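# Observations on the model geometry
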Amino acid sequence: MKKVNKLSTCIPPDLVEEIIRNGREQDDQHVYRVAKRGKIDNVEFMGSYEETLYEKRTFKEDLSLIGSYSTSCYLTPKGPRKFLRFLKAGLFKTYPHPIIIHGNTICGLSQLTKERIPDYPDKEHVDWWIYQDSFDKLIKEFKVFEDFNQKGLTNE
Amino acid sequence: MNEIFYENIPQAGLLLLEQILFSFEGIPMVFVCIDKECNRYLCICDDVINEEAWLIVKIDDNRLLRILNDEDTVLSAFRDQKVIIVNREAGGEFKYNFVDYCEIDPDELPLCDQYLEMKEYLTEYIDKLKRQFLIYNFTFDLEYNMCYNGYLDLSEKHYLEGIANKSILYAA
């Protein structure tokens, strides 16, 4: 039986049901994610809407869609790399700076976005709705995959 | 109706979002805006961490099509151009600066000069631009024989009037 009451409190209750219908537990699914602040901590696993509030940006997506509350990750590092390469070079001069991390989608429900939205423009994007109080496990699960230096080259 | 993306940019005014070319986690990273005269502007979001920051350049359809088709990199549109740099601190107001590309601190430019690599998702937009900028390589004996490197911009009204009266037209 899926855990109904353990998703983020910022998700409207009616959307929780929809997430449970769409997502499933996939502990062996390997994904990549950008850690914008260069650290593997709670903040880096926030869902999109929650993160926007934290960063005091304007949230431009539709709040009636479950994807707005997921933590975005990717089946390969291609999308994250492309994103990082559009960021200004100066961001990579200081430490910590944005990095790519990887791990499995444990402690939550996940879904390939294209399953739910067939014309979604990224076929590797995964929506991951993380259970509350799971961050200690996620911090142990995820590791640094790629660390760009100032020239856009990796330090791996 | 297109969403307002930037208001009151000096010398450009209101810019409406026309097409997102690449987004990441809901953030438009590379996108096209239009002004009230339907001029297009290519925009890159190059900071979402310390603050929000964008580079904006006015772009013609031919150059934009080259970028959409991965014939040129995204940054190629900015070289040798006047660039609008927009910054906004969290919850703050937009600030605008006009700078020649060659004067921009390299630290303020994207980490890499890369191709867009999104054309399979942008076919409708590419077709729309092509319809607006028809490229023909042809021979004709019209009174207005003005060609640019073998191509004619048929978006100009007087060219369309001239061609409508003639039957000699060969598409490339």
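Residues numbered from 1 in each chain as written. Chains lettered and ligands numbered in written order. Predicted model: local features only at pLDDT ≥ 70, side-chain atom pairs only at ≥ 80, totals over all residues. Heavy atoms only, no water.

Our focus in this paragraph is the overall build of chain B. Looking only at helices and strands, chain B features 3 helices and 7 strands. Along chain B, helices and strands appear, N-terminal first, in the series β-β-β-β-β-α-β-β-α-α. For chain B, the residues scored as buried account for 46% of the 172 residues in total. Here the contacts in chain B between residues at least 6 apart in sequence split such that 45% fall between residues at least 24 apart. Approximately 9,500 Å² of chain B is accessible, and the part contributed by carbon and sulfur atoms is 46%. (Helix = DSSP H or I, 4+ residues; strand = E, 2+ residues; numbered from the N terminus. Buried < 20%, exposed > 50% of the residue type's maximum accessible area, 1.4 Å probe, protein only. Contact = heavy atoms within 4.5 Å. Areas by Shrake-Rupley, 256 points an atom, 1.4 Å probe, with all protein chains shown as cover.)

The helix and strand inventory of chain A stands at 5 helices and 6 strands. Secondary structure elements of chain A occur, N-terminal to C-terminal, as α-β-α-β-α-β-β-α-β-α-β. When its C-alpha atoms are laid out on the principal axes, chain A stretches across 45 × 30 × 30 Å. Of all 156 residues assigned to chain A, the portion counted as buried reaches 52%. With an accessible surface of roughly 7,700 Å², chain A has 51% of that area assigned to carbon and sulfur atoms. Of the charged side chains in chain A, 25 are positive and 24 negative; the average position of the first set lies 6 Å away from that of the second. (Lys, Arg positive; Asp, Glu negative; His and termini not counted. Charge placed at Lys NZ, Arg CZ, Asp CG, Glu CD.)

What follows deals with the sheet that holds strand E7 (residues 95–100) of chain B. Residue and element names in this part refer to chain B. Read from one edge of the open sheet, 7 strands run E1-E2-E3-E4-E5-E6-E7, paired in antiparallel fashion. Looking at strand neighbours, the two that pair on one side only are strand E1 (4–9) and E7, the edges of this open sheet. Across the sheet, the axes of successive neighbouring strands diverge by a mean angle of 30°, strand direction being ignored. (Pairing = 2+ DSSP bridges. Axes fitted to C-alpha atoms, helices over the stretch in contact; angles between N-to-C directions.)

Further remarks concern the nonpolar core. Residues and elements named next belong to chain B. If you look at the biggest cluster of nonpolar residues, it comprises 63 residues, and the most contacted ones within it are Tyr6 and Leu42. By residue number, the principal contributor to this core is strand E3 (residues 27–34), which donates 6 residues. Residues contacting tyrosine 6, with those up to four places away along its chain left out, are Gly13, Leu14, Leu15, Phe31, Cys33, Cys43, Trp54, Ile56, Val86, Phe94 and Tyr96. (Core = buried A, V, L, I, M, F, W, Y, C linked by side-chain atoms within 4.5 Å.)

Residues and elements named next belong to chain B. In the contact formed by helix H1 (residues 61–68) and helix H2 (residues 123–132), the axes pass within 10 Å of each other and the chain directions differ by 150°. By the criterion of interaxial angle, the relationship of H1 to H2 is roughly antiparallel. Crossing hand, H1 versus H2: left-handed. Of H2, the residues touching H1 (which contributes Asp61, Leu64, Leu65 and Leu68) are Tyr125, Ile126, Leu129, Lys130 and Gln132. Of the residues in the contact of H1 with H2, the class split is 6 nonpolar, 1 polar and 2 charged. (Parallel < 35°, antiparallel > 145°, perpendicular 65-115°, else oblique. Left-handed = near helix turned anticlockwise from the far one by under 90°. Nonpolar A, V, L, I, M, F, W, Y, C, P; charged D, E, K, R; others polar.)

Turning next to the interface of chain A and chain B. Taken together, the contacts link 34 residues of chain A with 37 residues of chain B. Summing the contributions of chain A and of chain B, the shared interface buries around 3,000 Å²; its carbon and sulfur component is 60%. Ranking the residues of chain A by area buried against chain B places Lys82(A), Phe86(A) and Lys88(A) at the top, with a combined share of 28%. Linking chain A with chain B are 4 salt bridges, by the criterion used here. In this assembly, chain A and chain B are joined by 14 residue pairs in polar contact (both at pLDDT 80 or more). Of all the elements in the fold, those that place two or more residues in the side of chain A that touches chain B are strand E1 (30–35), helix H2 (48–55), strand E2 (71–74) and helix H3 (78–86) of chain A. A per-element tally of the side of chain A that touches chain B places H3(A) first, with 7 residues. (Buried area = accessible area lost by both parts, 1.4 Å probe. Salt bridge = Lys/Arg side-chain N within 4 Å of Asp/Glu carboxyl O. Polar contact = N/O pair within 3.5 Å; in protein donor to acceptor, adjacent residues only side chain to side chain.)

The next point concerns the environment of Leu14(B). Residues and elements named next belong to chain B. Structurally, the position occupied by leucine 14 is in strand E2 (residues 13–24). Residue leucine 14 is classed as partly exposed on the basis of its relative accessible area of 37%. For the pair leucine 14 and alanine 77, spaced 63 residues apart in the sequence, the C-alpha separation amounts to 21 Å. For leucine 14, the contacting residues outside a window of four places in its chain are Ile4, Tyr6, Glu7, Asn8, Ile34, Asp35 and Lys36.

Residues and elements named next belong to chain B. Put simply, chain B has an average pLDDT of 80, and 76% of its residues get 70 or more. Across residues 135–172 the pLDDT falls below 50, and counting only partners more than four positions away or on other chains, this stretch makes 40 contacts in the model. Predicted complex metrics record ipTM = 0.82 and pTM = 0.80. (pLDDT = per-residue confidence, 0-100.)

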